[in-house]
Every structure is written in structure tokens, then in C-alpha cells.
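# Secondary and tertiary structure notes
Now for the letters of each chain:
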Amino acid sequence: MIKRNEGFANLTAGYLFPEVAKRRKAYQASHPDAKIISLGIGNTTEPLSPHICKAMADYAASLGTKEGYSGYGDEQGLTQLRAKIAQVLYNGLATEDEIFISDGAKCDIARIQTLFGRDTPIAVQDPAYPVYVDGSVITGAAGKANADGSGYKGVTYLPCTAENSFFPDLSVIKSGTLIYFCSPNNPTGAASTREQLKKLVDYALANGCIIIYDSAYYAFIRDSKLPRTIYEIEGARKCAIEINSFSKLAGFTGVRLGWSVVPKELKFADGSSVISDWNRVMTTLFNGASNIAQHGGLAALDEEGIKETTALVDYYLGNAKLMKEALTGKNFADAGVKVYYTGDSPYLWVCFPGWKSWDIFDRILDECRVVTTPGSGFGPAGESYLRFSCFGHREDVEEACLRLSKFKL
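Rules of the game
- The residue numbering used here restarts from 1 in each chain and proceeds along that chain's sequence as written.
- In keeping with the model being predicted, local features are shown solely for residues with a pLDDT of at least 70 and side-chain atom pairs are shown and tallied solely at 80 or more, while totals for entire chains, interfaces and linings include all residues.
- To obtain the side-chain values, all non-hydrogen atoms of the structure were included, while hydrogens and water were left out.
- Being paired, for any two strands, means DSSP has found at least two bridges between them.
- In this description a helix means any DSSP run of H or I spanning at least four residues, a strand means any run of E spanning at least two, and both kinds are numbered starting from the N terminus.
- All axes are obtained by fitting lines to C-alpha atoms, using only the stretch in contact for helices, and the reported angles, taken between N-to-C directions, cover 0 to 180 degrees.
- Note on contacts: a residue pair is in contact if any heavy atoms of the two residues lie within 4.5 Å.
- When two cysteine sulfur atoms are found within 2.5 Å, that pair is recorded as a disulfide.
- We call a residue buried when its accessible area falls under 20% of the maximum for its residue type, exposed when it is over 50%, and partly exposed in between, using a 1.4 Å probe and counting protein chains only.
- Viewed with both strands pointing away, a crossover whose connecting path from the first strand over the helix to the second turns clockwise is right-handed.
- Side-chain atoms within 4.5 Å are what join buried Ala, Val, Leu, Ile, Met, Phe, Trp, Tyr and Cys residues into a set we call a nonpolar core.
- Each reported salt bridge corresponds to a side-chain nitrogen of Lys or Arg within 4 Å of a carboxyl oxygen of Asp or Glu.
- For this count, His and the chain ends are skipped, Lys and Arg are scored as positive, and Asp and Glu as negative.

## Brief notes about the sheet that holds strand E2 (residues 99-102)
Hydrogen bonding along the main chain pairs the strands of a sheet, whether they run parallel or antiparallel. Taken in spatial order, the 7 strands of this open sheet run E2-E8-E7-E6-E5-E3-E4, and their pairing is mixed. Here the strands that pair on one side only, and so sit at the sheet edges, are E2 and strand E4 (155-159). The average angle at which neighbouring strand axes cross in this sheet is 20°, direction not considered. By the bridge criterion, 3 bridges tie strand E3 (residues 122-126) to strand E5 (residues 178-182) in an arrangement that is parallel. Along E5, the bridge assignment pairs Ala123 with Ile179. Against the sheet, helix H5 (residues 105-112) makes contact with E2, E5, strand E6 (210-214), strand E7 (240-245) and strand E8 (258-261), and its axis sits at roughly 150° relative to E7, the strand it touches most.

## Regarding the state of the cysteines
Any covalent bond linking the sulfur atoms of two cysteines counts as a disulfide. Scanning all chains against the criterion turns up 0 disulfides. For Cys401, which is in no disulfide, the shortest distance to another cysteine sulfur is to Cys368 and amounts to 11 Å.

## What to know about the pairing of E4
For E4, a buried count of 4 out of 5 residues is recorded, marking the element as mostly surrounded by other parts of the structure. Alignment of E3 against E4, held across 5 bridges, turns out to be parallel. Opposite Val124, over in E4, you have Tyr157 as the bridge partner. Between the parallel elements E3 and E4, the chain passes through helix H6 (residues 130-139) in a crossover that is right-handed.

## Quick notes on unusual backbone geometry
With an omega of 10°, the peptide bond running from Asp126 to Pro127 counts as cis. Along the polypeptide, Pro127 turns up in the loop between E3 and H6. Residue Pro184 is bonded to the preceding Ser183 through a cis peptide linkage, with omega at -10°. Checked against the element boundaries, Pro184 lands in the loop between E5 and helix H7 (194-207). Positive phi values are uncommon outside glycine, yet Phe166 reaches one of about 60°. In this structure, Phe166 sits in the loop between E4 and E5. For Phe166, a relative accessible area of 11% corresponds to the buried category. Despite not being glycine, Arg256 has its phi angle at roughly 70°, a positive value.

## Quick notes on H6
By the criterion of burial, H6 is predominantly enclosed, with 8 of the 10 residues buried. Pro130, Val131, Tyr132, Val133, Asp134, Gly135, Ser136 and Val137 are the residues of H6 that are buried. One or two residues past the end of H6 sits Gly140, with phi positive at roughly 95°.

## Looking at the sheet that holds strand E12 (residues 373-374)
Ordered in space as E9-E10-E13-E12, the 4 strands form an open sheet in which the pairing is antiparallel. Only two strands of the sheet have a single partner each, and these edge strands are strand E9 (338-340) and E12. With respect to the sheet, helix H11 (residues 303-327) is in contact with E9, strand E10 (347-351) and strand E13 (385-389), its orientation differing from that of E10 by roughly 15°.

## Things to note about the nonpolar core
Here is a general trend for soluble globular proteins: nonpolar side chains tend to be buried in one another's company. Counting 132 residues, the largest nonpolar core has Ile241, Phe246, Ile364 and Phe388 as its most contacted members. Tallying contributions element by element places H11 first for this core, with 8 residues. Residue contacts for Phe246: discarding those within four places in its chain leaves Leu81, Ile85, Gly251, Phe252, Leu257, Gly258, Trp259, Gly297, Ala300 and Leu301.

## Focus: the pattern of salt bridges
For the structure on display, the rule yields 19 salt bridges. We note a salt bridge from Asp58 to Lys54, for which the minimum N-O separation is 2.6 Å. Here Asp58 pairs with Lys54, and both are found in helix H3 (residues 50-62), just 4 residues apart, close to one helical turn. The exposure class of Asp58 is partly exposed, given its relative accessible area of 42%. Assessed through its relative accessible area of 53%, Lys54 is described here as exposed. Here Asp334 and Lys330 are joined by a salt bridge, their closest N and O atoms 2.7 Å apart. The exposure classification of Asp334 matches that of Lys330, with both residues exposed. One salt-bridge network, in which partners are shared between bridges, spans Asp97, Glu98, Arg237, Lys264 and Glu265.

## Digging into the side chain of Glu242
Note on placement: Glu242 falls in strand E7. The side chain of Glu242 sits in the buried core without any salt bridge; Arg228 is the nearest counter-charge, 9.9 Å away. When sequence neighbours within four positions are dropped, the list of residues in contact with Glu242 reads Tyr90, Tyr213, Ser215, Thr229, Ile230, Tyr231, Trp259, Ser260 and Val261.

## Comments concerning the environment of Ser192
Checked against the element boundaries, Ser192 lands in the loop between E5 and H7. Here the alpha-carbon distance between Ser192 and Phe166, two residues 26 residues apart in the chain, equals 8.5 Å. Dropping the residues within four chain positions of it, Ser192 is found in contact with Phe167, Phe181, Ser183, Leu197, Leu226 and Pro227.

Take it as geometry only, folks, not as evidence of what the structure does.
Below is the structure:
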């Protein structure tokens, strides 16, 4: 018989979000009349905007005509969309032929690991989006789990804590490491400053590292002093791949559309071109994003689309403001609960001193009937934290905040 990929055997637990869903389902089964409100998984909730919907509907309708029908497109994406992203979002910092359209940031993060050998050292922020580590385990790059449950042997964890302002000590990263970095960060919500990202880029350049920069939440940045792309930092084109998405920008979590940027200057140790191999991955292991979704992406980046998507993100940021007010109320403050939120992210990172993450998750679910996300599921440094997501209908968020305001620890 064919041997199993040992990477799957090395995974220590189920993926975080299905476990959250499992516990919610079990609670609902035992409390069938309970109205459970989710402030957990980062899935958008509001309808797509009219301008974007019309663009996709019109294109879909045209597929029913001889003149409008289209079959396979370029695996790298529609030329018009690549050019639009380069123009609107990068303004000269990346060119259209360096942009590759995909079916989402998570898919790109998983696929991009095929570029690097299983012996490539991995470094991740701790806490971090689980796919960085789990994907590395499956490909064999992360190795086996440590016996003490502290993570995986092939992964360097970079604790991002309140004490270091959620920006890690880079000196522990070995040379030649693949660094996964997310800003605004999921789950902490921290958006790195220009000075912090300069330190990251300089370290990568000096130590032969490549940064996989996850910028899926850039649209939530409202502080004009904060970078919205890694390529605003001098030198980043020589050491960074950027992954991005329409999921949070335009509510495309179910539509599925994202992109990656691989600069021409980025090289492997032998001097060969990273973009050449990434082009091969995209044309061999991927067959292109939906043409319908791509026309929605085009609409999202024109003048009317930008107006609508900005309003959509502002709506979610309004939810976050309400949640912050509830979570900094007297009942939480008296219990020593600390809320970390700057207004530049969809996530609030909340510390419950003395509590295990899954224990406080269960108690809030039981007493408030509100679903959150346990911080420990994002890495060891997430223990005692919960992530609260601002994605939700306003009336549900208001009801959840009311329930939380009555919660006693």
C-alpha cells in the first residue's frame, strides 16, 4: 500500500474554526431555543454592494450569449484586473505582470508553500492565522510536534504580546527562513508601523529570508501613517511576497477572489527568479479564478465600487467600536480584562487573566450565548485571550453587546 503523507499524522489537533463550529452546534442542540450570536469566525455578513452585484450579474448574463461567452481565461488572471490592482492599490509599487489573481488569500498561502523545500525553516508570529503552521506541517516543512505541546520542531515562534506591542523579537529568526507576517494581524488586530516593517524588511535582507506578507485586512487601516502594503517599505521588493484578498475589502468570502504580488527582483539563493516558479505553480496547479468573480473585482476598484466598499468596511468598524465599549465596561474592567484594539482592524484581542481560552469561550457561550474565537487556537501566546470579530449584522452586534455588558466574571 502507498504510505500516508506523514505531514497529516504530524498535525496535533483539528483546525481551529471547525472546532468552534462543533462546540456551537453542540450547545445549540442542548439549548434548541437559544439565539446564539457569533462574534467569532471572520466571515462577512452584509450583502454585496449594488454596483458590484450588477457587474457580476451583467457578466453572468452575457455568458448566455454567443458574443459574451468566455471559456478558460489566463491562469494569472484577467489582464484588466491585474492592471487595475496595480494602478489603484499599488500606484507604481508593483506592476500588473507581478500580480497573480487567485481564488483567495488562504488558497494562495497554501499554494505558495510549494515554492519552498520541506527543509526551509519557518517563522510565524505567535499568535497567528492557523494555515501558516498547519500548511507547513502538511508539506513537511514544520516537522513533528514538540513533546511538550509547545508547537512544531521546524517552526520558530515569534511571540507578539502586549509587552512588545505585538511586534516580535526578530533576532531569533535563523538565516534563510520563510517568515509569515500578517498586518493588520489576525488575530491580535495589531497594524505594524512603518518603522516596525522597516526592521522586518532590513532583517530579511540581511539574513537571506523571504517574507510572506499577509495583507488581507489592509482595507481596515484608517490611520494614514500606517503602511497598507509591504512595498511602501524600501527594500521589500527584494525580500517579500504579498498576499491579499477581496474577501474583507468587498465581502467576497463566498465569491472567492484574491491576489498575490511577486516582484521581479525577488530571487532564490541560487539567483533564480521566484516569480518564474510562482507563474509555473499558478499555471500548473491552478486554473484561474472565476471570470464572474473577477468582473466583480473590477467593479470593486472603480470609483463607485471604492465608495461602496469603503462604506461597507466603515460599517464593520462601527460594530467594532460598539464591541470595544461593551468589553471595556465596568464589569470587565473590575475583573482585570484588557482589550487591545486600535481601530485599524476587524478584530478585538481581549485578555482574560487567569483563564484558559477554551474555558472562557465556553462560559461566554453558555451565559451570554455569544460565540468568540479562543486565542490559544492561534498559538501558545494566544492563551487566556479571545478574539472578537466585528463581522455581523448591527442588530446582532448590539444584542451581543447588551448581553456582554451584563456578564460577570
